[in-house]
Amino acid sequence: MSEGPTGRRRGTGASVPVPGRTEEHAELLRRVVGGDEHAFAQLYDATSSTLYGLVLRLVRSPELAAEVVQEVYLMAWQQAERFDAARGTVLAWLCTMAHRRAVDRIRQNQRERDRDQQYEVRQAETPSDSTWSEVEQSLDSEEVRAELGGLSPLQREAVCLVYYRGYSHRQVAEHLDVPLGTAKARIRDGLNHLRSALGVRQ
């Protein structure tokens, strides 16, 4: 069997930590507990490729994997005194943290995608905002255009992008380079102002 780059022997069976590496990692972590930044850098160099490979297989994004690995080493620096050698090796401890953090990020990203998807579905089911429909049904376009001048520049730009150029709320956010929530707030506030100014019934 040959020894892999992370200090594990490769073969047909399970990987076995190399004793020398295990002891080296433990000694480096003991020094990290004492605030030794050089030891921390050495521990990072000795173990980061293993953690990166593990995380990358889970998150499937090099950029996200790099972020997660950095977060794990920050946790390791902050929590080094919590390591218990009786429960496993330093590398196993780091890998456990990396796995948990990667799973957390996957779940977080999935929740964000689900929220965005649900929002887009709602937008598709309701192609025209009810406030805008009431305005259009009650008043002519000249009157609407006149009252648009009463909006703030930010509100007017957002409203015009949606209702004159057909942008979705997400496209407005991207066009204006603002968060989605900010774009929606500008559109909502602009429409509410129109409703009030034009006397559209609630």
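Reading the values: the criteria
- Residues numbered from 1 in each chain as written.
- Predicted model: local features only at pLDDT ≥ 70, side-chain atom pairs only at ≥ 80, totals over all residues.
- Heavy atoms only, no water.
- Helix = DSSP H or I, 4+ residues; strand = E, 2+ residues; numbered from the N terminus.
- Buried < 20%, exposed > 50% of the residue type's maximum accessible area, 1.4 Å probe, protein only.
- Salt bridge = Lys/Arg side-chain N within 4 Å of Asp/Glu carboxyl O.

Caption draft 1: Structural detail: unusual backbone geometry. In this structure, R60 takes a positive phi of about 60° despite not being glycine. Secondary-structure assignment places R60 in the loop between helix 2 (37–59) and helix 3 (62–79). On the accessibility criterion, R60 (72% relative accessible area) is exposed. Phi at D177 is positive, roughly 60°, even though this residue is not glycine. Residue position: D177 is located in the loop between helix 8 (169–176) and helix 9 (180–198). Here D177 falls in the exposed class, since its relative accessible area comes to 70%.

Caption draft 2: Spotlight on the pattern of salt bridges. As enumerated under the stated definition, the model contains six salt bridges in all. Its salt-bridge partner being R31, residue D36 comes within 3.2 Å of it at the nearest N-O pair. Judged by its relative accessible area of 25%, D36 falls in the partly exposed class. Taking the shortest distance from any N to any O, the salt bridge between E71 and R105 comes out at 2.7 Å. You can see E71 sitting in helix 3 and its partner R105 sitting in helix 4 (residues 90–125), a full 34 residues away along the chain. According to the relative accessible area criterion, E71 is partly exposed, its value standing at 24%. Look at R105 and you get buried, because its relative accessible area is 11%. It is possible to trace a salt-bridge network through shared partners that takes in E67, E71, R101 and R105.

Note that all results are geometric; they support no functional claim without further evidence.
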